[in-house]
Amino acid sequence: MSTSTASKRPPAASRPSRGRGRIAAWRDAHLYSLISSFGRIAARPWGTLLSVGVMAIALALPFCLGLLLDEVGRFSGELRDSRELALFLEVEQDAASAEALAETLRADPRIQQVELRTPEQGLAELRSTPDLAGALAALEHNPLPWVVLAMPVAGTDETALADELAGHDGIDLVQHDDRWRQRLEAWIGFGRRFGAVVAVLLALGALLVVGNTVRLDVQGRADEIATVRLLGATDGFVRRPFLYLGACYGALAGLLALLLAALVRLALQAPVATLIASYQGDFVLASLPLPDAAGLWLGAVALGWLGAFLAVGHHLRHAEGTE
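Report on the accompanying structure. These numbers were taken from a predicted model, which means no experiment stands behind them.

Moving on to the overall build of the chain. A count of helices and strands for the chain gives eleven helices and four strands. Across the 323 residues that make up the chain, the buried fraction comes to 34%. For the chain, the share of sequence-separated contacts (at least 6 apart) that also reach a separation of at least 24 residues comes to 82%. Only carbon and sulfur atoms are counted for the fraction: they give 65% of the accessible area of the chain, which is about 19,800 Å².

Written out as structure tokens, the structure reads:
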């Protein structure tokens, strides 16, 4: 009995070979679906270009908006590092009054550095600006006041300090950029929220585009799908080539969206450099961040896959309902 039982068992060496055979069959099936998807895309280049182009534009717009907001935020961060307070004294204040105020500020523990700027220094700085040099040359006397530049200690409430110094005798105006920086940061926050809403809407549009494209392909092969299902094909077998097709659409759209974003950056680089140079700044646009670019491409592939999954699933449910 033990001999007959042992003879019915498959050899142990054949079990790993069967496992390897199943893995090879699974690999070949997926590879065939991928290659056939590329073949369907290449068979209709103009239709593919239209679908991929619409998806790419829908993906590139929020991506470029996000990059723009990141650049504005980076520029705002550089401005945030400049925490200097400019105290403009009243015009009738003389050098002795300016020096006395500077000594008072140096004794304040909230201020780490104080610098005096004479009216002559201010006028010379303005004259170095080409747009103002001609107008300033016609002045008969220097109308500029003494200016005290105060750098607060890190962590100091700069707004409260500026308000306190504004009430000091002899100070006509306190220039502090914190308020407009707060407004800028509020606008950046609004822009990010608006960009997120736009990204969701355009991603939905891209999903509908690839879903409709795959739906047309499914309808064109409805008889083939019905035949293989009668032969016992599972829903996963039917879905597989269309999922690869949608993923290929998304991959191509992601690459085209990155190309469009790079072209937009290239087109804006020179005007932005000219604009920043007019303000005597050295801010430059950053290159496309690699993690963001990879995220865009992977998101495009996922959208293509999801659109195809929904389109094929709808067809299969409709086919089951009519059987």
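What follows is about the sheet that holds strand β4 (residues 171-175). The strand order across the open sheet formed by four strands is β2-β3-β1-β4, and the pairing between neighbours is antiparallel. Either end of the sheet is taken by a strand with one partner, and the two such strands are β2 (111-117) and β4. Sheet twist, expressed as the average angle between the axes of neighbouring strands with direction ignored, equals 20°. Along the sheet, helix α4 (residues 95-106) contacts β1 (85-89), β2, β3 (147-152) and β4; its crossing angle with β2, the most-contacted strand, is approximately 170°. Running at roughly 165° to β4, helix α7 (residues 158-166) makes contact with β1, β2, β3 and β4 of the sheet.

The next subject is the packing of aromatic side chains. Throughout the structure, instances matching the rule amount to three aromatic pairs. Both rings, one in F190 and one in F194, keep their centres 6.4 Å apart while their planes meet at 20°; by these two values the pair is stacked. A residue pair is termed a helical-turn pair when its members lie 3 or 4 positions apart in one helix, as F190 and F194 do in helix α8 (residues 178-220) at four residues. The exposure class assigned to F194 is partly exposed, which follows from its relative accessible area of 47%. Relative to F309, the ring of W305 lies with its centre 5.3 Å away and its plane at 15°, an arrangement referred to as stacked. Placement of both W305 and F309 in helix α11 (residues 290-322) is noted, with a separation of four residues, approximately one turn of the helix. Judged by its relative accessible area of 39%, W305 is partly exposed. Every member of this aromatic cluster is reached through a ring pair, and the members are W187, F190 and F194.

Moving on: the environment of G155. Along the chain, G155 falls in the loop between β3 and α7. For G155, a relative accessible area of 85% gives the class exposed. Sequence separation between G155 and R110 is 45 residues; the distance between their C-alpha atoms is 9.1 Å.

Our next topic: α4. Helix length check: α4, at twelve residues, gives a terminal C-alpha distance of 16 Å against a target of 16 Å (1.5 Å per residue), a fit within 8%. For α4, every residue scored as buried is listed here: A98, L101, A102 and L105. Take α4 and look down its axis: the buried residues cluster within an arc of 100°, on one side only. Where α4 is buried, its residues meet β1, β2, β3, α7 and β4.

For α7, the full list of buried residues reads E158, L161, A162 and L165. Along α7, the residues classed as buried sweep out an arc of 100° about the axis, all on the same side.

The subject of this paragraph is the nonpolar core. Judged by nonpolar contacts, the single largest core of 35 residues is most densely connected at L59 and V214. The set of elements that each furnish at least two residues to this core consists of α3 (45-80), α8, α10 (235-278) and α11. Top element by residues in this core is α10. It accounts for ten residues. If sequence neighbours within four positions are ignored, V214 has contacts with F242, G246, A308, A311 and V312. Counting 18 residues, the second-largest nonpolar core is a separate cluster that includes L89, L101, V114 and L165.

Tracing the sequence through the fold places T48 in helix α3. Taking relative accessible area as the criterion, T48 reaches 6% and is therefore assigned buried. Aside from chain neighbours lying at most four places away, what touches T48 is I41 and Y249.

Right, let's get into the pattern of salt bridges. The full count for this structure, using the stated rule, is five salt bridges. As a salt-bridge pair, D108 and R110 come within 2.9 Å of each other at their nearest N and O atoms. E164 is paired through a salt bridge with R110; the nearest N and O atoms lie 2.9 Å apart. Placement of the pair is E164 in helix α7 and R110 in the loop between α4 and β2, with a sequence separation of 54 residues.

What counts as what
- Residues numbered from 1 in each chain as written.
- Predicted model: local features only at pLDDT ≥ 70, side-chain atom pairs only at ≥ 80, totals over all residues.
- Heavy atoms only, no water.
- Helix = DSSP H or I, 4+ residues; strand = E, 2+ residues; numbered from the N terminus.
- Buried < 20%, exposed > 50% of the residue type's maximum accessible area, 1.4 Å probe, protein only.
- Contact = heavy atoms within 4.5 Å.
- Areas by Shrake-Rupley, 256 points an atom, 1.4 Å probe, with all protein chains shown as cover.
- Pairing = 2+ DSSP bridges.
- Axes fitted to C-alpha atoms, helices over the stretch in contact; angles between N-to-C directions.
- Phe/Tyr/Trp six-rings, centres within 6.5 Å; stacked < 30°, edge-to-face > 60°.
- Expected span 1.5 Å × (residues − 1).
- Arc of directions from axis to C-beta.
- Core = buried A, V, L, I, M, F, W, Y, C linked by side-chain atoms within 4.5 Å.
- Salt bridge = Lys/Arg side-chain N within 4 Å of Asp/Glu carboxyl O.

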